[in-house]
Amino acid sequence: MQMPETPKNIEQLDLMIKLKSYADGQATWSDEKAELGTDAKLACLTLYNSLVLLVNKVFAPLLDRVTAREMETYTMHDHVHGLKVAHLMWHILDPDIRSRLTPPEIALLVCSAHLHDMGMGLNREEREARLDPASDLWNKLELDDALKTAMDELRSQVGNESLSESVRKRASRKLFQAEEALLTQDTRTRHATPQRYKEILGNMWRMHQSDPENIPDIQSCLSFDGDSFKDKLIDICVSHNEDAEALVEADKKHSGRPRFPSSYPIGCSVADLHMVAAVLRLADILDFDRERTPPALFHYLLPGPLGEPENDSGREWGKHLAISNWYIEEDAVVFRGRCKSHIIHHAVVLFASDIEREIIATRSTFGALKDVSWPCKLPTSVKVDIHEDGYRYIPYKFELDDDRVYSLLMGGAIYDDPLDAVHEMVQNAVDACKLRDALTQIYDQTEPRKNDRILIRYEEPGEEHKQPRLTIQDTGIGMDALIIERYFLKVGRSYYNSSEFNQIRFDLRKHELDFAPVSEFGVGFLSAFLLANRVEVQTAMWESPRGDTTKRTLQIDGPTRLIRLSEERNEGPRRFKGTKITLNLSQGDRENGNKPPAWQAIKEYIQKVCQDLPYRLNLEYISNGHFTEDFIDPVPLKVELPYHLESAALRIPVNDETYGLEGEMAFVDPYARQKVEEDLFEEASVLIIQEGSRKQAGNASSNSSLLRGGFKVGAVPGLFGAYQTGLAWARIRVTWKGTPNRRYVTTNLARNATSDSERLEAEITRLWLTYFLEHFETVPAELLLIPTYDDFRKHRWLEKYNAFRIYELASKTWHLSLKQSGVTKEQIEIWEQGSGDPLRLRYGFYRDMLNLVLPRITTLQMDPDEYYYVKPPRPDWRAVLSNCNNYITEPTSWGLFAEYTKGIQDVLYYSDYGGGYLNSQFQDRLISFNTKEVKELRYSLGELINSNSGKRQARMTPERVALIKRLQEVAGELEVGSRGGRWRLDSFKF
């Protein structure tokens, strides 16, 4: 059957002709074929006239505005689409169902065909309201940081009158395009919400109030025989944008009733709401041909070439233009057409697959219900017959080798430790419990239980099982059939990135109960096979939106094997809720001969990783019939130091909203520590500690914990003094509420570092360095002698402090270092007055800081021992530094030259381990060399000096050889050298 041409008006729709026949008394919908009474015929006539007025006066004009700019990337959603969907509804219905359509079913079909996409159109006021900074648009779309920053930058350019008019206009165009893209995404997801439909119908009511002669009364139009069907119409329209499983959901307001009953009373008749909702979603997706893409409008709105892969708009419109006609045949729906682009051709094939999946999914909702038959004369197979014009279509694409991918995942390329599987299982349990608690608190404000939610049990081998078993059980949200099939069994597809979960989060935010899941990748469960050859999953959903609380058990023998599924009834107050995962342990790490991990190893791993969970972990160990219980509670964020280091530590609290960090850092003064430990040695020669104790002073990794969602994900980067054992300690929690997308910062797949470790390192540095600068009077000078190996020139935020504050912090330790080397307090004071002897600069944190500011007020000296000194500063140096806040953005460095002191004053270059400075006395000799060449000369001369000292040939590029030869021409008689010797420059032979 080829689909007939779409009628030009509502009166010509077969659905409306059917309704008119009832009003004229020529037909009836009852099985008994009894003639309709006067009241019934009048009700049908009233409904008919109301629908004609409603569509012609209200629906059609409003639908035609849906082609506004925010929907240009989508195909037509105008009044023709509404008529087409209503037209298709009739033709996909089984003829027997058509003959028995009731008046309210016809009304719901016609109205839903027109109303379902009406929310896509925005008037000027609605557009401005959605783009208002106070709108929930910005939170709901969860903008990423880069996009939000880019839009803010464009806004600033538009309002910056100092910029040229062309720049501002270009920024304005880009901003407009970005806003339209956001509105498109927002409108696409928001147009089918109950709130949006109520808003639209409310506007129609107000239009009637202001112009009752021309605008019909929406309340009376959406009723039959005195009964309103408005609320059911809204729910049907909402469902068209949901998964097909929504058709068999339970009614949230009426326990025990379906959301879409098959016999819903309306006036003197009933309506099969399940059938209406199903037919709407199918007719909507089947509107796939040229009628929906007028060529003139297509070329006007989308002038770009269709061949560009990134042209999403072109693909969306082009695939519809490619369809000439389509048929409903006995075994398949067939779309036929011609195409000039392999990309559009492929888009048609993919969309046909989408249609096929939709038909199958919708049909399955009827098979799930007793005594409900499939109401459509529509096969489940969808095919395309496209004639290529100038190309040959072969759907080449990369395909993944499942076994190879799984072997890579399980082969240690991602996870450092097989026990990371325990991390993943516990993480899933925590997310499930947090989601259940958040949903529960919408109705029950009491604090959720924390101590009996997650159980970890280890059973030694016994008669029933020859392998040890590890069980992780939670009382969380659980899974129903849809979540199992669509997410749990789909590697890389996480439920927490689904539209269903996003809608849940949006609802939770209204009650200030939002939470961010720790899970993100959708591959974590596979890690179970690092430890087990068989995994059993038992699960039942706590409260399924689909009314599905069946308990399901999956037995999984490896990730590429078939899965055995069993189901059982799960009813009553004591029904199973949550998820229980049992691993039959068969593998371990290679160091232990790949043997299954022992309970003690697993327990220690859990204690190391699960440090900040919102729930107590209950532990059970079963061996030879003996049962042992234990538990793990969250550890406070306070740093736990070895008791003897407490007096030597500087504690810094962390409460940073910029990045979202909480906790504490502690830095140990190495000199104070040495004194304490010397005193302890006098008391006893041995300090007794517990093996594996967290109070043990170890490396930076064991001394610091970066916590994300309750789990340790590595050491805290960027700590002051972290390169020296036992001096830097921290417990830092990464939070999520302040992030632009309201999610945790992502980790790598192995969960041992965050994905933005460089930025995190910079933030940690900012925190402790800010503390040092703002509390420099109380920061121990000895502490700052520690080298940091940090390039402070990359921290632009430092310029909130003037250069003199930098000097105050650094000079505190510099002066201590000078005094330790024999310089008196008086000598330092004289130097600061602008006279006296130069003062030596040693290496360390304080010198790195001084290098930022001292070049503005003094010059550098070097002596024969390769020590550096700074000469007394200029008289107004304090004022210069106090008024300087651009030492990062406009730095002043020591340059490439330094003053050489007695003993080396006649040497051109005195090597400082291959670096160092050239003698400023001979700077005029090098006037023919540019800055880059002078830098290259230093490295080249350093290589010559080192090779001569070691009596080996220097290794140099031709370019560097040419530089040295040029230097020999202008300064060949001068010497270069180091403490290892000196050589005339013209003595080097090439």
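Residues numbered from 1 in each chain as written. Predicted model: local features only at pLDDT ≥ 70, side-chain atom pairs only at ≥ 80, totals over all residues. Heavy atoms only, no water.

**Details of the overall build of the protein**
Stated precisely, the cut-off is as follows: Numbering of helices and strands starts at the N terminus; helices are DSSP runs of H or I of at least 4 residues and strands are runs of E of at least 2. With a 1.4 Å probe rolled over the protein chains alone, any residue whose accessible area is under 20% of its type maximum counts as buried; one over 50% counts as exposed, and the rest are partly exposed. Should any heavy atoms of two residues lie within 4.5 Å, those residues are counted as being in contact.
From N to C terminus, the protein includes 30 helices and 28 strands. Of all 990 residues assigned to the protein, the portion counted as buried reaches 51%. Contacts spanning at least 24 positions in sequence make up 71% of the contacts within the protein whose residues lie at least 6 apart.

**Focus on the sheet that holds strand β18 (residues 704-708)**
Worth spelling out the cut-off: Paired strands, as defined in this entry, are two strands with at least two bridges between them according to DSSP.
Pairing within the open sheet is mixed, and its five strands lie in the order β16-β17-β20-β18-β19. Of all the strands in the sheet, the pair left with one neighbour each is β16 (649-656) and β19 (711-712). As defined by bridge partners, β16 adjoins strand β17 (residues 661-668) across eight bridges and the pair is classed as antiparallel. Each residue of the ladder has a partner; that of D656, found in β17, is L661.

**Comments concerning the sheet that holds strand β13 (residues 578-585)**
Across a sheet, paired strands are connected by hydrogen bonds in the backbone, their directions being either parallel or antiparallel. We apply this condition: Note on definitions: angles span 0 to 180 degrees between N-to-C directions of axes, and those axes are lines fitted to C-alpha atoms, for helices only across the stretch in contact.
Reading across the sheet, the eight strands line up as β12-β11-β10-β13-β9-β8-β14-β15 and stay open at both edges, with mixed pairing between neighbours. Edge positions in the sheet fall to β12 (563-568) and β15 (626-632), since each of these pairs with one other strand and no more. Between one strand axis and the next, the sheet turns through 15° on average, direction left out of account. Pairing of strand β8 (residues 454-459) with strand β14 (residues 617-623), which is carried by six bridges, proceeds in the parallel orientation. What sits directly across from R457, in β14, is E620.

**As for the nonpolar core**
Rule in force here: Buried Ala, Val, Leu, Ile, Met, Phe, Trp, Tyr and Cys residues form a nonpolar core when they are joined through side-chain atoms within 4.5 Å.
In this structure, M665, W768 and F772 are the most contacted members of the largest nonpolar core, which totals 105 residues. It is helix α25 (residues 803-820) that provides the largest number of residues to this core, a total of nine residues. In this structure, L54, M89, I92 and A271 belong to the second largest nonpolar core, which totals 86 residues.

**Observations concerning the packing of aromatic side chains**
Selection rule: Put simply, two rings from Phe, Tyr or Trp (the six-membered ring, in Trp's case) pair if the centres are within 6.5 Å, and we call them stacked under 30 degrees between planes, edge-to-face over 60, tilted for the rest. Either the NZ atom of lysine or the CZ atom of arginine qualifies as a charge over a ring when it sits within 6 Å of the ring centre and within 35 degrees of the ring normal.
Across all of its chains, the model carries 27 aromatic pairs by this definition. Where F525 meets F529, the ring centres are 6.3 Å apart and the plane angle is 90°; that geometry is what we call edge-to-face. Classification of F525 as buried rests on a relative accessible area of 12%. Ring centres 5.2 Å apart and planes at 90° place the aromatic pair F720 and F772 in the edge-to-face group. Separated by 52 residues along the polypeptide, F720 in the loop between β19 and β20 (728-734) and F772 in helix α24 (residues 757-774) bring together distant segments of the chain. Like F772, F720 is buried. Aromatic rings pair up to connect F667, F720, W768, F772, F792 and F845 into one cluster. The ring of F631 is capped by R616, whose NZ or CZ atom sits 3.8 Å from the centre of that ring. If you follow R840 out to its NZ or CZ, it ends over the ring of Y867, 3.6 Å from the centre.

**Focus on the environment of D39**
Structurally, D39 is set in helix α2 (residues 38-64). Between the C-alpha atoms of D39 and C268, which are 229 residues apart in sequence, the distance is 9.3 Å.

**Structural notes on the side chain of S940**
Where we set the bar: Here a polar contact means two N or O atoms within 3.5 Å. Within protein one must be a hydrogen donor candidate and the other an acceptor candidate, and residues neighboring in sequence count only if both atoms are side-chain atoms.
Within the element layout of this structure, S940 appears in helix α29 (residues 931-949). A polar side-chain atom of S940 sits 2.8 Å from the main-chain carbonyl oxygen of E936.

**With respect to the state of the cysteines**
Note the cut-off: Here, two cysteine sulfur atoms that lie within 2.5 Å of each other are counted as a disulfide.
One pass over the structure, following the stated rule, counts zero disulfides. Lacking any disulfide linkage, C237 is separated from the closest cysteine sulfur, that of C111, by 8.5 Å. Assessed through its relative accessible area of 0%, C237 is described here as buried.

**As for helix α26 (residues 825-832)**
Residues that lie three or four places apart on an α-helix share one face, since the helix turns once every 3.6 residues. What counts, and what does not: The arc in question is traced by the directions running from the helix axis to the C-beta atoms.
Considered for burial, the residues of α26 that qualify are I828, W831 and E832. Around the axis of α26, the buried residues are gathered within 95° of arc, so they sit on the same side. Within two residues after α26, G834 carries a phi angle of roughly 100°, on the positive side.

**A look at the pairing of β14**
Of the pairings in the sheet, the one linking β14 to β15 comprises seven bridges and is antiparallel in character. Looking across to β15, one finds that I622 is bridged to F627. Taking the residues that link successive antiparallel strands as the turn, the β14-β15 hairpin has two residues, and the phi of N624 there is positive, at about 55°.

**Some details on the confidence of the model for the protein**
Applicable threshold: Values of pLDDT, which run from 0 to 100, indicate the predictor's confidence residue by residue.
Per-residue pLDDT for the protein averages 86, and the proportion of residues at 70 or more is 89%. Confidence over residues 66-77 falls short of pLDDT 50; this stretch has 47 contacts with residues more than four positions distant or in other chains. Taken together, the stretch residues 289-319 has pLDDT below 50 and engages in 67 contacts with residues farther than four places along the chain or on a different chain.

**Points about unusual backbone geometry**
Its identity as a non-glycine residue notwithstanding, E512 has a phi of 55°, on the positive side. Mapped onto the elements, E512 comes out in the loop between α20 (499-510) and β10 (532-540). Judged by its relative accessible area of 75%, E512 falls in the exposed class. Of note, the phi angle at N624 is positive, near 55°, even though the residue is not glycine. Mapped onto the elements of the fold, N624 is located in the loop between β14 and β15. A relative accessible area of 72% places N624 in the exposed class.

**Brief notes about the environment of R805**
In this structure, R805 sits in helix α25. R805 sits in the partly exposed class, given a relative accessible area of 24%. Sequence separation between R805 and E774 is 31 residues, and the spatial gap between their C-alpha atoms is 8.9 Å. Setting aside its immediate chain neighbours within four residues, R805 contacts L773, E774 and F776. Among the polar contacts made by the side chain of R805, one reaches the main-chain carbonyl oxygen of L773 at a distance of 2.8 Å.

**A closer look at the packing of α2 against helix α5 (residues 103-115)**
The condition is simple: Angles below 35 degrees are treated as roughly parallel, those above 145 as roughly antiparallel, those between 65 and 115 as roughly perpendicular, and all remaining angles as oblique. Polar here means any residue other than Ala, Val, Leu, Ile, Met, Phe, Trp, Tyr, Cys and Pro, which are nonpolar, and Asp, Glu, Lys and Arg, which are charged; Gly is therefore polar.
Where α2 meets α5, the axes come as close as 10 Å, and the angle between the chain directions of the two elements is 5°. On the basis of their axis angle, the class for α2 and α5 is roughly parallel. Across the interface between the two elements, C44, L47, L51, L54, V55, F59 and L63 from α2 touch P103, A107, V110, C111 and H114 from α5. Taken together, the residues that form the contact of α2 with α5 break down as 11 nonpolar, one polar and no charged.

**What to know about the pattern of salt bridges**
Worth spelling out the cut-off: Salt bridge, as applied in this entry: a Lys or Arg side-chain nitrogen positioned within 4 Å of an Asp or Glu carboxyl oxygen.
As enumerated under the stated definition, the model contains 51 salt bridges in all. A salt bridge links E358 to R281; its shortest N-O distance comes to 2.7 Å. With E358 in helix α16 (residues 342-367) and R281 in helix α13 (residues 273-286), this pair connects stretches of sequence that are 77 residues apart. The same class applies to E358 as to R281, namely buried.

**Focus on the packing of α13 against α16**
Angle between the axes and distance between the axes are the two parameters that describe a pair of packed helices. Remark: α13 packs on α16, axes separated minimally by 10 Å, with the N-to-C direction vectors making an angle of 175°. On the basis of their axis angle, the class for α13 and α16 is roughly antiparallel. Of the residues in α16, those in contact with H274, M275, A278, R281, L282, I285 and L286 of α13 are F351, D354, I355, E358, I359, T362, T365 and F366. Each residue belonging to the contact of α13 with α16 can be placed in one class, and the counts come to nine nonpolar, three polar and three charged.

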